[in-house]
Amino acid sequence: MRLADLHLHTLHSDSTRPAREVIDLAREHGLDIVAISDHDNTAAYFEIKPYADDRGVLLVPAIELSCGYEGTDVHLLAYAFDIFDERIDNRLRTFREARFRRGIQIVEKLRGLGCDVSAERVAQLAGGGALGRPHVARALVEAGHATSVSDAFDKFLGTGRPAYVEKARFSIPEAVQLIHESDGILSIAHPTLYRDHERIVPELLDFGIDAVEVFHPDVDEENRERYRNLARFRGKFVTGGSDDHGAAKEVETIGSIKVPESLIGPILERV
Ligand code: AMP
Ligand code: ZN
Ligand code: FE
Ligand code: FE
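Let us look at the structure shown here. (Residues numbered from 1 in each chain as written. Chains lettered and ligands numbered in written order. Predicted model: local features only at pLDDT ≥ 70, side-chain atom pairs only at ≥ 80, totals over all residues. Heavy atoms only, no water.)

In this section: the coordination of the zinc ion (ligand 2). Here the zinc ion (ligand 2) is held by the protein donor atoms Asp 14 (OD), Asp 14 (OD), His 39 (NE2) and His 245 (NE2), which lie 2.0 to 2.5 Å from it. Between the four donor atoms coordinating the zinc ion (ligand 2), the angles at the centre fall across 52 to 138°, so the site counts as irregular. Here the donor residues for the zinc ion (ligand 2) map to a single chain with the spacing D-x24-H-x205-H. Look at His 245 and you get buried, because its relative accessible area is 5%. (Donors = N, O, S within 2.8 Å, 3.2 Å for Na, K, Ca; no water. Tetrahedral: all angles 85-135°; square planar, octahedral: opposite > 155°, others 65-115°. Buried < 20%, exposed > 50% of the residue type's maximum accessible area, 1.4 Å probe, protein only.)

Turning our eyes to something else, we now look at the pairing of strand E9 (residues 237-240). Residues Phe 237 and Thr 239 point to one face of E9 and Val 238 and Gly 240 to the other, with burial holding for every one of them. Strand direction decides the pairing type here: strand E8 (residues 211-215) and E9, joined by four bridges, are parallel. Across the sheet, Glu 213 pairs through a bridge with Thr 239, a residue of E9. For the crossover from E8 across helix H9 (residues 221-233) to E9, the handedness is right-handed. (Helix = DSSP H or I, 4+ residues; strand = E, 2+ residues; numbered from the N terminus. Pairing = 2+ DSSP bridges. Right-handed = clockwise from strand over helix to strand, strands pointing away.)

Once that is clear, we can look at the sheet that holds strand E10 (residues 259-260). Read across the open sheet, the four strands follow the order E3-E2-E1-E10; overall the sheet is mixed. Taken across any chain shown, the strands that pair with only one partner, and hence form the sheet edges, are strand E3 (58-60) and E10. Pairing of strand E1 (residues 3-8) with strand E2 (residues 33-36) involves three bridges; the strand directions are parallel. For Ala 4, the partnering residue across the bridge sits in E2 and is Ile 33. Against the sheet, helix H1 (residues 19-28) touches E1, E2 and E3, its axis set at about 155° to E2. Its contacts with the sheet place helix H2 (residues 43-54) against E2 and E3, and it is angled at close to 165° to E3. (Contact = heavy atoms within 4.5 Å. Axes fitted to C-alpha atoms, helices over the stretch in contact; angles between N-to-C directions.)

In this section: the pattern of salt bridges. Summed over all chains, the structure comprises 22 salt bridges. Arg 2 is the partner of Glu 261 in a salt bridge, and the nearest nitrogen-oxygen pair spans 3.0 Å. Pair noted here: Glu 261 is in the loop between E10 and helix H10 (265-268) and Arg 2 is in the segment before E1, with a separation of 259 residues, a long-range link. Residue Arg 2 is classed as partly exposed on the basis of its relative accessible area, which comes to 34%. Each member of the salt-bridge network shares a partner with another, and the members are Arg 17, Glu 21, Asp 244 and Glu 252. (Salt bridge = Lys/Arg side-chain N within 4 Å of Asp/Glu carboxyl O.)

Okay, structure coming up:
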């Protein structure tokens, strides 16, 4: 029985790990199937597909899409779509450009608040990948304005905090249409992280989303049971992944989630 981690980040978004390191660690943890789901970026797939092949790791095309639903930021994981799809590629490029502009706006707000952080340093930390608040948070920690990434979110970057700037997001129907037209699969990421999730998650499934990410470090046993039952009842399936961000988050989670291949048939039959 092969084991999968379908939610991993790299330097192409807001993790501190190079893509190769992710593949090496996955192997060390006994994982056979890996999806690198960077925010708004498929670059890791192209970077390491041959490397993963050589090491016997099945790499599944993936991305994590930021969507808006009733004012809440909902993350959808897209899998096994056509990685060469130009419409997806163009849309992601637009989002990455918007992320870059937003990063500069956040830095301007921070400078207005007296924080000595530079757009250059933030861009350097993002390294040409999808720029996000975790990069700004790291620059704030480096400059001594926060004690940790989560302290930077609490003080400045979290929703409603003084340097918060909205991000461009997909609507749910647009994300569903774009990925399904490319024969891909969508799963609701970390379902318990949304305010009012017990109401929202069932509603999201009505849009045609295919699965729920039941296995995630932030989903406890009770909610795993809740959403496993919901998925079964609604004719959906379940996915799982560690959402590892390397040292960009307080805990490194790679290896903590191992999903048996028998649960993710609809994804595997597409790759
Ligand atoms: P962005 O996509 O730029 O809005 O940044 C969102 C990312 O920031 C999420 O994917 C999380 O990885 C991270 N994040 C959000 N809230 C926090 C928090 N309170 N502490 C640490 N990281 C966070
Ligand atoms: Zn992230
Ligand atoms: Fe997420
Ligand atoms: Fe994630």
